[in-house]
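Tertiary structure, described
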Amino acid sequence: MSKIIVRGGNKLHGEVKISSAKNAVLPIMAACILSSDKCIIDDVPLLEDVFVISNILKSIGAEINIDKNSNKIVIDSSNIRDSMPDSELVKKMRASFLIMGPMISRFGHFKLSLPGGCNIGTRPIDLHLKGFNALRANIDVGHGYVEASVDKLIGNNIYLDFPSVGATENIMMAAVMAEGETIIENAAEEPEIADLGKFLNNMGASIIGAGSDTIRIIGVKELKGTTHNPINDRIECGTFMVAAAITRSKFKINRVNLEYLKPIIAKLTEAGVYIKPHGNSVIVDGNRDLKPIDVKTMPYPGFPTDMQSQITGLLATVTGTSIVTETIFENRFMHAAEMKRMGANIKIDGRSAVIEGVPRLTGAEVRATDLRAGAALILCGLAAEGETEISDIYHVDRGYVSIENKFKALGADIARVVN
Ligand code: UD1
């Protein structure tokens, strides 16, 4: 099990380059099931979740070649069978559910173990299943498995009760080869969905409006292989922006898309962080007098829940009272207890965290309770006095490419210990 040890207090400086978005790559890899041609994905972040989905696809017959030098993945789905993916792998990661849409589309059937993932709430898949059902699939859930079958998927109008990212992606992937037209209303609008739409359209799909709240999909007969370069990771970028703020440092972040970062930039700017766009880069200056703010997580284009732990960590170091409200996941404040071990003053009141900023966090032994919580604890460690030891770092490895090396290159005193 790996740990990360951070000795806090160093100012960060220099430049860091953002990787491609894990949350774009995972659905795109699942979408490769839809064609029996080869698909190529360039510039893939070589993360634990990417290896998990790759092994899930292999467990149903895909041939996958990952070139670790060029970060290129070639997926050959010609021999994929209508079989059950390895349940141990499926339970490891919630995003495994993303193969449901492509499987029902290609084979008219899937059966898989109910997926696992981060411990941040119950995370049901009812909206995904309702969507498949609206396309005429029969669904059976029981004994820890979910199974769906259909003779022919038929397009329909689907209004999502909540703009779920995964349900939107799954329904899009199920509907691409359905008969007729499917319209998804109250769809999630995340940039990763637009990227999936672009990938599917390059495969020959007919999708209009992916990335908006209404998506129109006209079923096509078949899809072909394609090559894709995924969008960059707005959450990784946001994490580095908060790193500049929490360490009161100034550095440059390269390979960013400012459009996707608007909700994060708006809140950091309100807190007093100076953010200067520079082409595809951004200079973030956190060495300022920062102010407390209130933040509420919302579906895109609102403030992302995947940045909630990191901003909570930052606000724990900002004098005054801030309130952070989590509206997406019901159990996403487990990092608060760990931050309190570092001297943070945070009280949880239902879905809100009331944060009284303290002048200094202090190093402690803490545990990454989920992916983004782990990243937030690293940020707190960078700002804290003394040494912070973050255990269960495998959560962080699911979503950040060599996080310690990127921080080390910025001048942080950080190391990984494998025991
Ligand atoms: C995706 C992201 C994750 C991010 C989340 C919200 C990927 C691989 N993961 O997860 O990093 O935190 O979006 O931005 O892209 N819900 C239901 N029923 C459903 C589906 C969802 O009630 O059928 C609820 C969930 O429990 C949760 C909320 O909807 O409370 C949002 O979930 P959703 O948008 O589906 O998130 P994911 O796709 O799992």
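Residues numbered from 1 in each chain as written. Predicted model: local features only at pLDDT ≥ 70, side-chain atom pairs only at ≥ 80, totals over all residues. Heavy atoms only, no water.

1. Overview of the UniProt feature "binding site: UDP-N-acetyl-alpha-D-glucosamine" (unreviewed entry) in the chain
- On the UniProt side, "binding site: UDP-N-acetyl-alpha-D-glucosamine" (unreviewed entry) is annotated at positions that read Arg-94, Arg-123, Pro-124, Ile-125, Asp-126, Leu-127, Asp-306 and Ile-328 here.
- Within the secondary structure layout, Asp-306 lies in the loop between strand E17 (294–296) and helix H10 (308–315).
- Contact partners of Asp-306, with chain neighbours within four places excluded, come to Asn-23, Ile-235, Arg-332 and Arg-372. (UniProt positions renumbered as here; feature names shortened; annotations may be inferred. Helix = DSSP H or I, 4+ residues; strand = E, 2+ residues; numbered from the N terminus. Contact = heavy atoms within 4.5 Å.)

2. What to know about the site of the ligand
- Lining the immediate surroundings of the ligand are 19 residues, of which Asp-126, Leu-127, Ser-164, Asp-306 and Ile-328 lie closest.
- Within the contact set of the ligand, an oxygen atom lies 2.7 Å away from a backbone nitrogen or oxygen of Leu-127.
- Side-chain polar atom of Ser-164 to an oxygen atom of the ligand: 2.6 Å apart, as the coordinates give it.
- For the ligand, the protein covers 87% of the area, taking 750 Å² as the surface of the free molecule.
- Take the shell around the ligand: its biggest share by element is 3 residues, from helix H5 (residues 126–134).
- For the shell around the ligand, a count of residues per class yields 9 nonpolar, 5 polar and 5 charged.
- Two domains each provide a minimum of three residues to the shell around the ligand, namely domain 1 (2–19 + 233–418) and domain 2 (22–228). (Near = heavy atom within 4 Å. Polar contact = N/O pair within 3.5 Å; in protein donor to acceptor, adjacent residues only side chain to side chain. Areas by Shrake-Rupley, 256 points an atom, 1.4 Å probe, with all protein chains shown as cover. Nonpolar A, V, L, I, M, F, W, Y, C, P; charged D, E, K, R; others polar. Domains from an automatic or database assignment.)

3. Some remarks on the sheet that holds strand E11 (residues 206–208)
- Sheet architecture is open: 4 strands sit in the order E9-E10-E12-E11, paired in mixed fashion. The sheet terminates laterally at strand E9 (157–159) and E11, the two strands that pair on one side only. On average, each strand axis in the sheet is tilted by 15° relative to the strand beside it, whichever way the strands run. (Pairing = 2+ DSSP bridges. Axes fitted to C-alpha atoms, helices over the stretch in contact; angles between N-to-C directions.)

4. Some remarks on the side chain of Ser-19
- The residue Ser-19 is located in the loop between strand E2 (15–17) and helix H1 (22–31) in this model.
- Using a relative accessible area of 14% as the deciding quantity, one classes Ser-19 as buried.
- Here Lys-406 takes part through its side chain, which lies 2.9 Å from a polar atom of the side chain of Ser-19.
- Apart from residues no more than four positions distant in its own chain, Ser-19 is found in contact with Pro-45, Asn-232, Asp-233, Glu-236, Arg-255, Val-401 and Lys-406. (Buried < 20%, exposed > 50% of the residue type's maximum accessible area, 1.4 Å probe, protein only.)

5. Side note on the sheet that holds strand E3 (residues 38–41)
- Here 4 strands make up an open sheet; going across it, the order is E4-E5-E3-E13 and the pairing mixed. Because the sheet does not close on itself, it has two edges, and the strands there are strand E4 (63–67) and strand E13 (227–228).

6. As for the domain arrangement of the chain
- Domain annotation of the chain identifies domain 1 (2–19 + 233–418) and domain 2 (22–228).
- Computed over C-alpha atoms, the centres of domain 1 and domain 2 are 30 Å apart.
- Every contact between the two is made by 24 residues of domain 1 and, on the other side, 20 residues of domain 2.
- Summed over both sides, the interface between domain 1 and domain 2 buries roughly 1900 Å², with carbon and sulfur atoms accounting for 56% of that surface.
- When residues of domain 1 are sorted by the area they lose upon contact with domain 2, Tyr-300, Phe-329 and Arg-398 head the list and together hold 33% of the total.
- At the boundary of domain 1 with domain 2, the tally comes to 3 salt bridges.
- Two residues, Asp-49 and Arg-398, come together in a salt bridge whose shortest N-O distance is 2.8 Å.
- Linking domain 1 to domain 2 there are 4 residue pairs in polar contact (both at pLDDT 80 or more).
- Of the residues belonging to the side of domain 1 that touches domain 2, the class tally is 10 nonpolar, 4 polar and 10 charged. (Buried area = accessible area lost by both parts, 1.4 Å probe. Salt bridge = Lys/Arg side-chain N within 4 Å of Asp/Glu carboxyl O.)

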